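Architecture and fold: a report
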Amino acid sequence: MSLSTFTVVHVVLSLVGIASGVLVLLRPSASPKAWGLTTLFLVTTLAASVTGLLYLLSFPRFGMGHGIAIASLAVFVPTLLALWRHKLAGPWRAIYVTGAATLLYLNAFIAVMQAFGKIGFLRALPATTLGSPLFLAHLLVLAISVWLAIHAFTGLQPGGAPRRVRRPRPLRVADRWN
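Reading guide: rules and limits
- Residues numbered from 1 in each chain as written.
- Predicted model: local features only at pLDDT ≥ 70, side-chain atom pairs only at ≥ 80, totals over all residues.
- Heavy atoms only, no water.
- Core = buried A, V, L, I, M, F, W, Y, C linked by side-chain atoms within 4.5 Å.
- Buried < 20%, exposed > 50% of the residue type's maximum accessible area, 1.4 Å probe, protein only.
- Helix = DSSP H or I, 4+ residues; strand = E, 2+ residues; numbered from the N terminus.
- Expected span 1.5 Å × (residues − 1).
- Contact = heavy atoms within 4.5 Å.
- Phe/Tyr/Trp six-rings, centres within 6.5 Å; stacked < 30°, edge-to-face > 60°.
- Axes fitted to C-alpha atoms, helices over the stretch in contact; angles between N-to-C directions.
- Parallel < 35°, antiparallel > 145°, perpendicular 65-115°, else oblique.
- Nonpolar A, V, L, I, M, F, W, Y, C, P; charged D, E, K, R; others polar.
- Left-handed = near helix turned anticlockwise from the far one by under 90°.

**A word on the nonpolar core**
Judged by nonpolar contacts, the single largest core of 30 residues is most densely connected at Leu25, Phe41, Leu42, Tyr96, Val97, Leu103 and Leu104. If you tally residues by element for this core, the top one is helix 4 (residues 92-118), at twelve residues.

**Overview of helix 1 (residues 3-26)**
Along an α-helix, residues three or four positions apart point the same way, because every turn accommodates 3.6 residues. With 24 residues, helix 1 should reach 34 Å at 1.5 Å per residue; the first-to-last C-alpha distance of 35 Å fits that figure. Where helix 1 is concerned, the buried positions are Phe6, His10, Ser14, Gly17, Ile18, Ser20, Gly21, Val24 and Leu25. Taken together, the buried residues of helix 1 touch helix 2 (35-58), helix 4 and helix 6 (133-155).

**Examining unusual backbone geometry**
Backbone geometry at Lys87 places phi at a positive 50°, although glycine is not the residue there. With respect to the helices, strands and loops of the structure, Lys87 is situated in the loop between helix 3 (64-85) and helix 4. In this structure, Leu88 takes a positive phi of about 60° despite not being glycine. For Leu88, the position within the fold is in the loop between helix 3 and helix 4. Under the relative-accessibility criterion, Leu88 is labelled buried at 2%.

**Examining the packing of aromatic side chains**
According to the stated counting rule, one finds two aromatic pairs in the structure shown. Each ring, one from Phe6 and one from Tyr55, has its centre 5.1 Å from the other, and the planes form 70°; the classification is edge-to-face. Note that Phe6 is positioned in helix 1 and Tyr55 in helix 2, a separation of 49 residues in sequence. Residues Phe6 and Tyr55 agree in their burial class; the two are buried.

**Looking at the packing of helix 1 against helix 6**
At a closest axis distance of 8 Å, the pairing of helix 1 and helix 6 adopts a crossing angle of 40°. It follows from the interaxial angle that helix 1 and helix 6 lie oblique. On the side of helix 1, the interface is formed by Val22, Leu25 and Leu26, while helix 6 contributes Trp147, Leu148, His151 and Ala152. By residue class, the composition of the contact of helix 1 with helix 6 is six nonpolar, one polar and no charged.

**What to know about the packing of helix 1 against helix 4**
At their nearest, the axes of helix 1 and helix 4 sit 10 Å apart, and the two run at 145° to each other. Taken as a pair, helix 1 and helix 4 cross one another with a handedness that is left-handed. Counting all contacts with helix 1, which are made through Ser14, Gly17, Ile18, Gly21, Val22, Val24 and Leu25, the residues of helix 4 involved are Tyr96, Ala100, Ala101, Leu104, Asn107, Ala108 and Ala111. Its residues assigned to classes, the contact of helix 1 with helix 4 shows ten nonpolar, four polar and no charged.

Structure representation (structure tokens):
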């Protein structure tokens, strides 16, 4: 496989991992129906981390992306244990949500770094009084990841089922006159 084809595969895996990770954290559920999307998120994120490390074979210089890939692999262990071994029971629910949000953040962090390094108009953006555009983009990614983690954590009940919102009973004409 050529290096350009390998890069396209790596980028597609990363983007699918980011998109599916956002969806998983937006709609947290321990039901078997949601496992397909959760599995897609975890498999593509794992594959993106592994393919990122495989760049060391072509470019034997250790970079920040390689360090983040190793950190992602370390986060995978408790995240997978919480999901598949312990079925999100008790404190494992918080471990899973924290791990999934961290994996999403690390994947998006590298995507932002690559975007600012490879896309010309992003690289040419001037610094503002708040800081560099790269720093602001990373703050935005961090804020979104933290919000998604809080949303996912509050969306799961201790049993792992999504919380249901009770809707008020509709007002009937007879109710107004009594």
